[in-house]
Amino acid sequence: MRTLDSTTSLRIAVQKSGRLTDKTLNLLEGIGLKFDDYKRSLLVKCLNFDVELLLIRDDDIPEYVQDGVCDLGFVGANVVEEDQMDVEILRGLNYGVCRLSLAVPKDGDIKKPEDFAGKKIATSYPGITKRYFEKKGIDVKVITLSGSVEIAPRLEIADAICDLVSTGNTLKANGLDELINIFDSETQLIKTNKPLSEGKQQLIEKILQRIEGYQKAGKSRYIMMNAPQESVERIKEIIPSLKSPTVMPLADNGMVAIHTVVPLSTFWDVMERLKEAGATGIVMLPIESMIA
Ligand SMILES: Nc1ncnc2c1ncn2[C@@H]1O[C@H](COP(=O)(O)OP(=O)(O)OP(=O)(O)O)[C@@H](O)[C@H]1O
Ligand SMILES: O=P(O)(O)OC[C@H]1O[C@H](OP(=O)(O)OP(=O)(O)O)[C@H](O)[C@@H]1O
Ligand SMILES: [Mg+2]
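Residues numbered from 1 in each chain as written. Chains lettered and ligands numbered in written order. Predicted model: local features only at pLDDT ≥ 70, side-chain atom pairs only at ≥ 80, totals over all residues.

Some remarks on the site of ligand 2
The local shell around ligand 2 consists of Arg 19, Gly 147, Glu 150, Asp 163, Leu 164, Val 165, Ser 166, Thr 167, Gly 168, Asn 169 and Thr 170. Listing elements by their share of the shell around ligand 2, those giving two or more residues are β9 (160-165) and α5 (169-173). A total of 3 residues in the shell around ligand 2 trace back to one element, the largest contributor, which is β9. Among the residues forming the shell around ligand 2, the class breakdown is 2 nonpolar, 6 polar and 3 charged. (Near = placed C-beta within 6 Å. Helix = DSSP H or I, 4+ residues; strand = E, 2+ residues; numbered from the N terminus. Nonpolar A, V, L, I, M, F, W, Y, C, P; charged D, E, K, R; others polar.)

Next comes the structure, spelled out in structure tokens:
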């Protein structure tokens, strides 16, 4: 086992190849970390920070972080919850959003949790599934499969399944109905509980602040518009600004330029009302990062 001292780089575990890989690497690049060609190696040096990425299977990430082989890891909450490792969850990251659900063959006789008593449930998440039924005091037989779980009822290996669902298309394609959502998941940033050097702790703090800025920016848009001076007060009322808008006079008499930031969720509503209030030339720009 590696000893964690100030001379080693901050090591971050990332899924090597799967649903979380591109989004995690985009996030890391989005907060300003630059990497060499990460497709070629399993251990990738960061070019501008004392950081390295370890690219591994997602199932291995919580254990690597628990053992201090990696200091941080990006992994689904479903895997963290399944493995019950001793790690700290630093924050949720709003991607890889899915749920772990119990699903049953259409028109079958399982309709509620009690109906699962004595039934066989196929899953890649035996820990979460068993704990769910143990809490309810219902006896079930859990069959662990590493993939293609949805096919198990048709092969008569199981009466029901417990698997990840997002759109529900995979369930539908296999003639299954989603019955009970037992766990909501998203990607999480996890940290080792092993002692870390002062330098690493500071770097983690910096990474966390940048992620916060990056997440806020993703949910906001910078907007610019022109408007008659007399519309400014009405426009200010419409814009649910994070900060008060910047208002600048234009060369055209009586016209001003207004710049501000709006939450993406309200953008289209705000845009329509701004037009009604007399704003013209409305431009929306994505924001790369927002520091408080
Ligand atoms: N349909 C989905 N929609 C959104 N997120 C999902 C979906 N399916 C899985 N995820 C999330 O993405 C993570 C990785 O999924 P993926 O299918 O790439 O894992 P895997 O096949 O176990 O990969 P590995 O080879 O690394 O073990 C899951 O643990 C879960 O958190
Ligand atoms: O509700 P849906 O949007 O259809 O998504 C659900 C499917 O996504 C995941 O599999 P994935 O596609 O990652 O394949 P894998 O299990 O083979 O890795 C999960 O295991 C389900 O099978
Ligand atoms: Mg996996």
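As for the domain arrangement of the chain
Entries for the chain in the domain assignment read domain 1 (10-95 + 187-217), domain 2 (98-185) and domain 3 (220-286). Taken over C-alpha atoms, the centre of domain 2 sits 50 Å from the centre of domain 3. (Domains from an automatic or database assignment.)

Here we look at the UniProt feature "domain: ATP phosphoribosyltransferase catalytic" (unreviewed entry) in the chain
The UniProt record marks residues 57-213 with the feature "domain: ATP phosphoribosyltransferase catalytic" (unreviewed entry), using the residue numbering of this structure. The distance separating the terminal C-alpha atoms of residues 57-213 is 28 Å; by composition the span is 29% helix and 31% strand. (UniProt positions renumbered as here; feature names shortened; annotations may be inferred.)

A look at the site of ligand 1
Around ligand 1 lies a shell of 16 residues, among which Gly 18, Arg 19, Gly 76, Cys 98 and Ser 166 are the nearest. Residue composition of the shell around ligand 1, grouped by class: 5 nonpolar, 7 polar and 4 charged. Of the domains in this structure, domain 1 (10-95 + 187-217) and domain 2 (98-185) are the two that each give at least three residues to the shell around ligand 1.

Some remarks on unusual backbone geometry
Even without being a glycine, Asn 94 presents a positive backbone phi close to 60°. Residue placement: Asn 94 occurs in the loop between β5 (87-92) and β6 (98-105). A count of 13 C-beta atoms within 10 Å places Asn 94 in the partly exposed class. (Buried ≥ 20, exposed ≤ 12 C-beta atoms within 10 Å, placed from the backbone.)

As for the sheet that holds strand β11 (residues 187-192)
A sheet is described by the order of its strands in space; here 6 strands give the open sequence β2-β3-β1-β4-β11-β5, paired in mixed fashion. The outermost strands of the open sheet, each flanked by one partner alone, are β2 (43-45) and β5. Taken over all neighbouring pairs, the strand axes of this sheet differ in orientation by 25° on average, direction set aside. The pairing of strand β1 (residues 10-15) with strand β3 (residues 51-56) spans 6 bridges and is classified as parallel. (Pairing = 2+ DSSP bridges. Axes fitted to C-alpha atoms, helices over the stretch in contact; angles between N-to-C directions.)

Considering the sheet that holds β6
An order of β8-β7-β9-β6-β10 is seen for the 5 strands of this open sheet, with the pairing classed as mixed. This sheet does not close on itself; its edge strands, each paired only once, are β8 (141-144) and β10 (176-185). The average angle at which neighbouring strand axes cross in this sheet is 25°, direction not considered. The sheet contact formed by strand β7 (residues 120-123) and β8 spans 4 bridges and is parallel. If you follow Thr 123 over to β8, its bridge partner there is Thr 144. The sheet strands contacting helix α4 (residues 126-136) are β6, β7, β8, β9 and β10, and the helix crosses β8 at an angle near 170°. (Contact = placed C-beta atoms within 7 Å.)

With respect to the pairing of strand β12 (residues 220-228)
Alternating residues of β12 divide into Arg 221, Ile 223, Met 225 and Ala 227, all buried, and Ser 220, Tyr 222, Met 224, Asn 226 and Pro 228, none buried. As paired strands, β12 and strand β14 (residues 255-263) are joined by 9 bridges and run antiparallel to one another. Directly across from Ser 220, in β14, lies its bridge partner Pro 263.

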